[in-house]
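# Breakdown of the fold
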Amino acid sequence: MAEIALAGVKKRYGETQVVHGIDVEIADGEFVVIVGPSGCGKSTLLRLVAGLEEISEGSISIAGRVVNDLEPKERDIAMVFQNYALYPHMSVFDNMAYGLKIAGTPKAEIEERVGRAARMLELEALLTRKPRQLSGGQRQRVAMGRAIVRDPAAFLFDEPLSNLDAKLRVQMRLEIKQLQKDLGTTSLYVTHDQVEAMTLADRLIVMNAGVAEQIASPMQVYEHPESVFVAGFIGSPAMNFLPGRVAQDGGSLEIRGGTARRAEALAISGQAGRELLIGVRPEHLQPVPETEADLFLDLRLVETLGADTLAHGSLPDTKSTDGATKDIFTVRLPGSVQVSAGERLALRVAPGALHLFDPDSGHRIADL
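What comes next concerns the included structure. Bear in mind the structure is a predicted one, so any value in this text is a computation, not a measurement.

Right, let's get into the overall build of the protein chain. When its secondary structure is counted, the protein chain shows eight helices and 21 strands. Counting only contacts in the protein chain whose residues sit at least 6 apart along the sequence, the fraction spanning at least 24 positions is 66%. Approximately 17,000 Å² of the protein chain is accessible, and the part contributed by carbon and sulfur atoms is 48%. Treating the 39 positive side-chain charges of the protein chain as one cloud and the 49 negative ones as another, the clouds have centres 6 Å apart.

The following block contains the structure:
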């Protein structure tokens, strides 16, 4: 069994704390993705698990063994890096076999392990080549093969696809997901790409300024974000936010730029006048006749993407006195819907698609 457990893990550089008390248990065979913007602490957290950084407080266990004081080579993990880290003077075979040779593995076993990994990664025809003779995708496969032959308790991936072009990233993403499923090895994967995170993960750790804002499955994070940060980071295009309040009747919402929307089973009923931050995703807005609308959008820019159209604009009361837009509001429409800049679009929010947040704390209050 190869569970990874983090309990109260913190990291400080002098007086500056960069990881703030992470608690998570990763099950044997689980694929967990740490996602967040640059500087949020996600790579630092991975390096703490790998033993490349010393933790300041807390404990890390791998396969039931506390590894706080163990060197990276003693933790039974294998890392795949963003920059491949291949030896340029060695062949593909020697790069994949190097760690096993250093460990004194018998030659026959090395050949068997490298051969098996090469077949899995379709590298058999490339074993005699040097890294300079390979494409970016092939080099990343070699780096993954070097990790696989170790047969570790856990794989740690540090943004392994960042150097690849968009098409190759999609291909490699599918290959990594299938490979992890076939091997069943516990995996911890770091990325800033939320699409990559959503498609790969069994669970996400969404990081913000060293704090794990939410730990949940991709769909739980998408459908029930625990904070304004998570709601705005996960989803493309990003969630729209606008101020609102509980109406004086206590059972409906007053939405800026729109009508009062009846909120059945309003979780905060009885709090008339309470200020809210209301979130709605671009894909949860539908064009309707004006008499059925919740919101009205003055279009400023339309992006035609083929299957989808992204319409950007402003709500009628979100313009400054000089006519400039203060807040951009985005709607994702089917490609068949024809709209143009300068139009006013009447929109209805899909049932159950409103997210209510406390404007001061940023925490989720309810979904409607």
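It is worth spelling out the pairing of strand β6 (residues 77-80) at this point. Because side chains alternate across β6, one face comprises the buried residues Ile77 and Met79, and the other comprises Ala78 and Val80, equally buried. By the bridge criterion, four bridges tie β6 to strand β7 (residues 154-158) in an arrangement that is parallel. What sits directly across from valine 80, in β7, is phenylalanine 157.

Tracing the sequence through the fold places proline 237 in the loop between α8 (228-233) and β11 (240-246). Here the alpha-carbon distance between proline 237 and arginine 281, two residues 44 residues apart in the chain, equals 7.9 Å. In contact with proline 237, other than residues within four places in its own chain, are Pro282, Leu310, Thr330 and Arg332.

Taking 1.5 Å of rise per residue, the 15 residues of helix α3 (residues 107-121) would be expected to cover 21 Å, and the 21 Å separating its terminal C-alpha atoms lies within 8% of that figure. With its phi angle positive at about 55 degrees, glutamate 122 sits one or two positions after the end of α3.

Let's shift gears to the packing of helix α2 (residues 92-102) against helix α4 (residues 136-148). Relative to each other, α2 and α4 sit at 30 degrees, their axes nearing to 8 Å. In terms of orientation, α2 and α4 fall into the roughly parallel class. For α2 against α4, the interelement crossing comes out right-handed. In contact with Val92, Asn95 and Met96 of α2, α4 contributes Val142, Gly145 and Arg146. Looking at side-chain class alone, the contact of α2 with α4 contains three nonpolar, two polar and one charged residues.

Within the secondary structure layout, asparagine 240 lies in strand β11. A distance of 2.7 Å separates the side chain of asparagine 240 from the backbone oxygen of threonine 330, its partner in a polar contact. Beyond its immediate sequence surroundings of up to four residues, asparagine 240 is in contact with Ile278, Gly279, Val280, Arg281, Pro282, Leu285, Ile328, Phe329 and Thr330.

Counting 45 residues, the largest nonpolar core has Val33, Met96, Ile176, Tyr189 and Leu204 as the members making the most contacts within it. Sequence-distant contacts of isoleucine 176, defined by excluding residues within four places in its chain, comprise Phe31, Met144, Phe157, Pro160, Leu161, Tyr189 and Leu200. Val24, Leu46, Ala154 and Val190 belong to the second largest nonpolar core, which has 28 residues in total.

What follows deals with a nonpolar patch on the surface. A cluster of nonpolar side chains, contributed by Tyr87, Tyr98 and Ile102, occupies part of the molecular surface with about 290 Å² of accessible area. Locating tyrosine 98 in the fold gives a position in helix α2.

Right, let's get into the pairing of strand β16 (residues 295-304). Alignment of β16 against strand β19 (residues 344-349), held across four bridges, turns out to be antiparallel. When the bridges of β19 are listed, aspartate 298 appears paired with arginine 344. In this sheet, strand β17 (residues 308-314) lies alongside β16 in antiparallel orientation, the contact comprising six bridges. Looking across to β17, one finds that glutamate 303 is bridged to leucine 310. Between β16 and β17, which pair antiparallel and follow one another directly, the connecting turn spans three residues, one of which, glycine 306, has a positive phi of 100 degrees.

In spatial order, the strands read β15-β19-β16-β17-β18; together these five strands make up an open sheet with antiparallel pairing. Each having just a single partner strand, β15 (285-287) and β18 (329-334) make up the two edges of the open sheet. Each strand axis lies, on average, 50 degrees off the axis of its neighbour in the sheet, ignoring direction.

Let us now look at unusual backbone geometry. In this model, serine 236 is joined to proline 237 through a cis peptide bond whose omega is -5 degrees. In this model, alanine 85 sits at a positive phi of 55 degrees, which is unusual for a non-glycine residue. The residue alanine 85 is located in the loop between β6 and α2 in this model. Take alanine 85: its relative accessible area is 37%, and that puts it in the partly exposed class.

For the rest of this paragraph, the subject is the packing of α2 against α3. Look at α2 against α3: their axes get within 10 Å of each other, and the N-to-C directions meet at 135 degrees. As judged from the angle between their axes, α2 and α3 are oblique. For the pair α2 and α3, the crossing hand works out as right-handed. For the pair α2 and α3, the contacting residues are Phe93, Met96, Ala97, Leu100 and Lys101 in the first and Ile110, Glu111, Arg113, Val114, Ala117 and Ala118 in the second. Across the contact of α2 with α3, the residue classes break down as eight nonpolar, no polar and three charged.

Criteria and cut-off values
- Residues numbered from 1 in each chain as written.
- Predicted model: local features only at pLDDT ≥ 70, side-chain atom pairs only at ≥ 80, totals over all residues.
- Heavy atoms only, no water.
- Helix = DSSP H or I, 4+ residues; strand = E, 2+ residues; numbered from the N terminus.
- Contact = heavy atoms within 4.5 Å.
- Areas by Shrake-Rupley, 256 points an atom, 1.4 Å probe, with all protein chains shown as cover.
- Lys, Arg positive; Asp, Glu negative; His and termini not counted.
- Charge placed at Lys NZ, Arg CZ, Asp CG, Glu CD.
- Buried < 20%, exposed > 50% of the residue type's maximum accessible area, 1.4 Å probe, protein only.
- Pairing = 2+ DSSP bridges.
- Expected span 1.5 Å × (residues − 1).
- Axes fitted to C-alpha atoms, helices over the stretch in contact; angles between N-to-C directions.
- Parallel < 35°, antiparallel > 145°, perpendicular 65-115°, else oblique.
- Left-handed = near helix turned anticlockwise from the far one by under 90°.
- Nonpolar A, V, L, I, M, F, W, Y, C, P; charged D, E, K, R; others polar.
- Polar contact = N/O pair within 3.5 Å; in protein donor to acceptor, adjacent residues only side chain to side chain.
- Core = buried A, V, L, I, M, F, W, Y, C linked by side-chain atoms within 4.5 Å.
- Patch = residues over 30% accessible without salt bridge, like charges linked within 9 Å, V, L, I, M, F, W, Y side chains within 5 Å.
- Salt bridge = Lys/Arg side-chain N within 4 Å of Asp/Glu carboxyl O.

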